Amino acid sequence: MPNSAPRSILPARVWSALAVLLVVGSPLRAQVPSGQQLPSPQQAEEMLRTQPQLVQELRQRLMQSGLTPDQVRSRLRAAGYPEDLLDQYLQGADTTEAATVGPHTIDAVRALGVLSDQSADSLQILDSTRVVSDSMRAVLDSMKFARADSLRADSLADSIAVLRGAGLKLFGIETFRRTSTTFQPVQTGPVDENYRLGPGDVLVLILTGDVERVQTLTVTREGFVVIPQVGQLYVANLTLGQVQDQLYSRLGRVYSGVRRGPNATTRFQLSIAKLRNIQVFVTGDVVRPGAYQMSSAGTVLTALYAAGGPTSNGSFRHVEIRRGRALVDSLDLYDYLLHGSNPTDIRLQSGDVVFVPVHGGFASVTGRVIRPAIYELRPDETLRDAIAFAGGFQPSAGQARVTIHRILPPDARGGSGRARVVVAVGADQFAGGVAPAVPMAPGDSVTVYAVPDRQRGYVTVRGNVWVEGEVGFTPGMKLSDAIRLAGGPRPDVYLPRILVTRVRDDSTFVQLRSAFTDSTGHVRDDLALEDEDEIRIFSRTTFQPERYVAIVGAVRRPGRLPYRTGMTMRDVILLADGLTEDAQLQAEIARLPEDRPPGTLAQTVRVPLDSTFLFARRGTAAGGTDGPTEAPGSAGDAPLQPYDNVLVLREGEWGLQRTVAITGQVKAPGRYSLTSKTERLADLLQRAGGLTREAYAGGIQFYRPYRNNQPTGTDRLQPVLASDGTRRDSLRAGVPERVGIDLPRVLEDTTFRDNLILASGDSIHIPEFNPIVLVQGAVSSPGAVAYTQGKNLDWYVNAAGGYTQTADDNHPYVTQPNGEREGVKRKAVLADHVPSPKPGAVVYVPTRTAQEPGSNVVGLLSTAAQLLGTLITIIVVSRR
């Protein structure tokens, strides 16, 4: 794209895509703060013109993306951009030509996937106040933060944590990293009377009363304002109050009504319409040192926000304001960060220098404090100040244990190598929960430990009470008091024993016991409890065996049921959701014998059932009743005993229809229900009307579904219900396996073995004649080969290009159109057995799974000849 080509001015939302091209997917992603003002197109073009390094970085990122020039142009075209939009940045372009990033360029790079949305949004740069300094870039590069944001560097706090290895953030360092126009002082609006005027300020003088006039006054470079009919007035370095005092005398000479007091007939009001800009210098250990243009109402905080605040090496406790060679004032940023106050009232002037020196020493505060962090301490500050900076103690803080890990200064280490010590602050040094004034040193690490985890002042009540758990312990508490606080015992409480477990001072346990007098909770021996006692109350139900009855067979939901005294056969069948449709009106009960002789496991009892048990077989009668009503003492309503096993017998010959599908070249294809369990293939073909003229009987495809290596038709079919409750087709699902059938022989002789008995789920397809043989597997050209009568498998393989180098030519096989499989048998001496495919067959050549040793016929014959010669020699020698 030529540089001289005219470029359309796009909206600011498009220019917001001009981003620092950083590596996509880095561990940290820079984010643009919400509410950030976007640059105008003119400002963005000027920025790019003055910063040619962005063009070079754009070229570099495109080269590192791994995309070829053709791929770049193709993606640009697919994304709706001109395909030559990025030609001047691609590999091989003339880098000596001054290339300028156009309004579409970064959007196009983002469309290629080289630039993420987060990276694109991070280039909302307007001036040098938003450019990361070289020192900051070095820190980020050392941390491998390849996607650092030039607008905000709040990730610097995380980098400090990594560098220090303590996992703590430097207190206050994130505050100045979120650049926003919210911190820029306004150019218009009211100011206090102490504001000093200077060249560039614009004043508004309003006269009301006898004279109605509004005049705009601009302070000249010489410090004067010119008032019509009044003359020149020097206002430089004067406050608004001082200028108003001069106006009373100067305006009074021209307008007689201007005077002080209530008798004035002409009044005036002086305000500032626009503040002038000043230039201040921020230097020292700040993120972005340099010269900054700001409003004359700006303060030291304004300058620090613009410069990104102090670095990890800068001081937060002593920020200097210098004017010329003099130190005007200093600022402790902790007053602003901790209390929100700005004690200095110095207003910056043009040429002032804000200097951030190196910090005076850090100390970390960790553990059970409100705000763990790294804090800068002055030489006169103590442990009390450090704890106060951290927000004070947490409620879980154990003030009895606070330690200070200290690195001794070189002159205090001595020759023994004793450089690190631990200073313990005991509980006796804390007065009223206030930390003591223990002197601190640079590099100290304060750790506030938590109170012990052991809980005191409770007893635990467990077992057969209404509310289990811990209850508060009070001196003199009795066993009955704790049980009452736990809601009291349940009605089935075990009265003879209550266990109380007590912990001794040596951490051993002692067992105490008591008992209930009745189920109301009265205790026989009301023991005096101690702290951390555990009370265990038992239930009579716990000691009772879990009695049950089991029901299986022709019921809808077989399984175990809890035994209830008085339970009968009808109750159990109702709880099992009734009988199934194949149930007999007979059940067998297997019951434990009373005397249990050796070797006897159970005694069986046959119980007849009447028609009232067949709930599902009775339709609704005209009178609205469901079948016959239950008569008291009806047959089969036998009482049951614990551990009875009930078996409801099934009708062995009962079953649902078995369905078989037949498709293809038959006169009446469809899904047929078998008429008997012995119906065969020939019978089904006869029911389907026989084969059509186009049928290819030799290509029958017979499939039988299998589940768990068993044909699905061998077990009893279950009804399959649709979502609306109606019965659907009962064809069983399974894994279909093809069965080889010689259908022409079956049609000629129904007693032939391939006239199989059909099973539920069988699928039969009679195809048309197919004069093709399909060759698959390890051949040079897999595909279809026209059928040629009398040709064997090897001939069809050669017709498909022959065997490949990895083909297993000893084990190819053919699947005949009727499903039968025949394999090749290679022989060393005699002729090979090679099957001949039929029309519609599939030839498959497998691949060798391992390197098989080749046959060495010559070596074998040589060995046999040597053995034969040796044997003849032995025979000749023995006859002599």
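Let me begin by describing the structure that accompanies this report. Nothing here was measured: the structure is a model prediction, and the numbers come from that model.

Conventions we followed
Residues numbered from 1 in each chain as written. Predicted model: local features only at pLDDT ≥ 70, side-chain atom pairs only at ≥ 80, totals over all residues. Heavy atoms only, no water. Helix = DSSP H or I, 4+ residues; strand = E, 2+ residues; numbered from the N terminus. Expected span 1.5 Å × (residues − 1). Bend = angle between axes of the 7 residues up to and from the residue. Buried < 20%, exposed > 50% of the residue type's maximum accessible area, 1.4 Å probe, protein only. Contact = heavy atoms within 4.5 Å. Pairing = 2+ DSSP bridges. Axes fitted to C-alpha atoms, helices over the stretch in contact; angles between N-to-C directions. Core = buried A, V, L, I, M, F, W, Y, C linked by side-chain atoms within 4.5 Å. Polar contact = N/O pair within 3.5 Å; in protein donor to acceptor, adjacent residues only side chain to side chain. Phe/Tyr/Trp six-rings, centres within 6.5 Å; stacked < 30°, edge-to-face > 60°.

Since the α-helix turns once every 3.6 residues, residues separated by three or four places project in the same direction. Over its 15 residues, helix H9 (residues 240-254) extends 21 Å from the first C-alpha to the last, a length consistent with the 21 Å expected when each residue adds 1.5 Å. Taking the largest bend as the criterion, H9 deviates by roughly 25°, centred on Leu-247. Every buried residue belonging to H9 is among Leu-240, Gly-241, Val-243, Leu-247, Arg-250 and Leu-251, and all of these are buried. Buried positions along H9 lie against strand S1 (202-209), strand S3 (224-227), strand S4 (231-234) and strand S5 (266-274).

Strand order in this open sheet of 5 strands is S7-S6-S10-S8-S9, and the pairing throughout is mixed. With partners counted over all chains shown, the strands left at the sheet margins are strand S7 (290-295) and strand S9 (326-331), one partner each. Across the sheet, the mean angle separating the axes of adjacent strands is 30° when strand polarity is ignored. For strand S8 (residues 319-323) and S9, the ladder comprises 5 bridges, and the chain directions are antiparallel.

Judged by nonpolar contacts, the single largest core of 51 residues is most densely connected at Leu-348, Ile-387 and Val-446. Considering every element that reaches this core, the biggest residue donor is helix H10 (residues 300-306), with 6 residues. What Val-446 contacts, discounting residues up to four positions off in sequence, is Ser-364, Val-365, Thr-366, Leu-383, Ile-387, Val-402, Thr-403, Ile-404 and Met-440. In terms of nonpolar packing, the next biggest core, distinct from the first, is built from 25 residues, Tyr-195, Val-219, Val-230 and Leu-240 among them.

This paragraph deals with the side chain of Glu-679. The residue Glu-679 is located in the loop between strand S27 (670-673) and helix H16 (681-687) in this model. Residue Glu-679 is classed as buried on the basis of its relative accessible area of 4%. A distance of 2.8 Å separates a polar atom in the side chain of Glu-679 from the backbone nitrogen of Thr-675. Contacts of Glu-679, omitting those with residues within four sequence positions, involve Leu-674, Leu-684, Arg-687, Leu-756, Ile-757 and Leu-758.

In this section: unusual backbone geometry. Across residues other than glycine, the phi torsion is negative in most instances, and most of the peptide bonds are trans. We note that Asp-577 has phi near 65°; this positive angle belongs to a residue other than glycine. Mapped onto the secondary structure, Asp-577 falls in the loop between helix H15 (569-575) and strand S23 (583-591). Positioned with a positive phi, Tyr-643 is a non-glycine residue whose angle comes to about 70°. Residue placement: Tyr-643 occurs in the loop between strand S24 (603-608) and strand S25 (645-650).

Right, let's get into the packing of aromatic side chains. Both the distance between ring centres and the angle between the ring planes are used here to describe each pair of aromatic rings. Applying the stated criterion across every chain, the model contains 14 aromatic pairs. For the pair Tyr-548 and Tyr-643, a centre-to-centre distance of 5.4 Å together with 85° between the ring planes defines the contact as edge-to-face. Here Tyr-548, found in strand S21 (residues 548-553), pairs with Tyr-643, found in the loop between S24 and S25; they are 95 residues apart in sequence, far enough to count as distant. We classify Tyr-548 as partly exposed; its relative accessible area is 22%. Taking relative accessible area as the criterion, Tyr-643 reaches 29% and is therefore assigned partly exposed.

Purely geometric numbers; function is a separate question.
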